[in-house]
Structure formats: structure tokens, C-alpha cells
Amino acid sequence: LLLGPSTQATAIAAPTHASKRPFALIDEVSAESPAAAAGLQVGHRVISMGPIDADAIASRGMSALGALVQAHEGRALEVVVLPQGEAKPLTLSLTPAKWEGRGLLGCHLQPE
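None of the values given here were measured: they were computed from a predicted structure. (Residues numbered from 1 in each chain as written. Predicted model: local features only at pLDDT ≥ 70, side-chain atom pairs only at ≥ 80, totals over all residues. Heavy atoms only, no water.)

Across soluble globular proteins, nonpolar side chains show a tendency to be buried alongside one another. Grouped together as the largest cluster of nonpolar side chains are 24 residues, with contacts concentrated most on Phe23, Leu40, Val46, Met49, Ile52 and Leu65. Of all elements in the fold, only β3 (24-29), α1 (34-38), β4 (45-49), α2 (54-60), α3 (63-71), β6 (77-82) and β7 (90-94) reach the threshold of two or more residues within this core. Examining the composition of this core, we find that 4 residues originate from one element, α3, more than from any other. Not counting residues within four places of it along the chain, the set of residues in contact with Phe23 comprises Val46, Ile47, Ser48, Ile52, Asp53, Ala54, Ile57, Met62, Leu65, Gln110, Pro111 and Glu112. (Core = buried A, V, L, I, M, F, W, Y, C linked by side-chain atoms within 4.5 Å. Buried < 20%, exposed > 50% of the residue type's maximum accessible area, 1.4 Å probe, protein only. Helix = DSSP H or I, 4+ residues; strand = E, 2+ residues; numbered from the N terminus. Contact = heavy atoms within 4.5 Å.)

In C-alpha cells form, the structure reads like this:
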């Protein structure tokens, strides 16, 4: 909110991820995994995971995600995805954690 000269509050549109481009496609989600618990699904296109977005991937590569996930084990990360066939992004909370399967997420990301 900004206060104008008349001291009335003026609403400012919140930034949107609609202009951001996805950098990965989720092509596998394991049952009972942290990814499944967060609501991630096959076909979701990842726009951002925490501070990582397409620009970060372009400059640092997909290994930036691995480092981020390991650094956030047990702590929630905001993940913005574009569901298959949808125009509106969806924001989910994903907490990387050890589970019965491999890795800390239980999903596979295919770079776009």
C-alpha cells in the first residue's frame, strides 16, 4: 500500500509469476514422498522453487536446485508451478525431507 497526498491507501497489484517462464517439467512424483505431500503432480511446470527461477537456472544450471534442496532439508520452500493446461500459476509449500525413497523430494524434474 502507498499513501498518497490525501493519506488514503492505494492498493498496488502484487507481483505475479505469470510473466515468469517455467524452467522444468515434473515428469515423475513418487507416492508418499515430500513432493506428493506438497501437491506436486506430473505435468506441473516449475516456475520457481524458493529463489531459483529460469534466470538462475540459465546462469547456474540445474545443480543450483540440488544445493537449494539440501540446504532446506526440513524447512519449507515456496514452489510456484503451472499446472498442465492451466494459465494461472499455483503456489505450493514443499519441505525437503528424508523419506523411504531416493533424494529429499521424491520427484523428477526434466529441464525445459
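The next thing to look at is the pairing of β3. As paired strands, β3 and β4 are joined by 2 bridges and run antiparallel to one another. Counterpart to Ala24 in the pairing with β4 is Val46. (Pairing = 2+ DSSP bridges.)

This next bit is on unusual backbone geometry. The backbone of Glu32 sits at a positive phi, close to 65 degrees, despite the residue not being glycine. Within the element layout of this structure, Glu32 appears in the loop between β3 and α1. In this structure Glu32 comes out as exposed when scored by relative accessible area, which is 73%.

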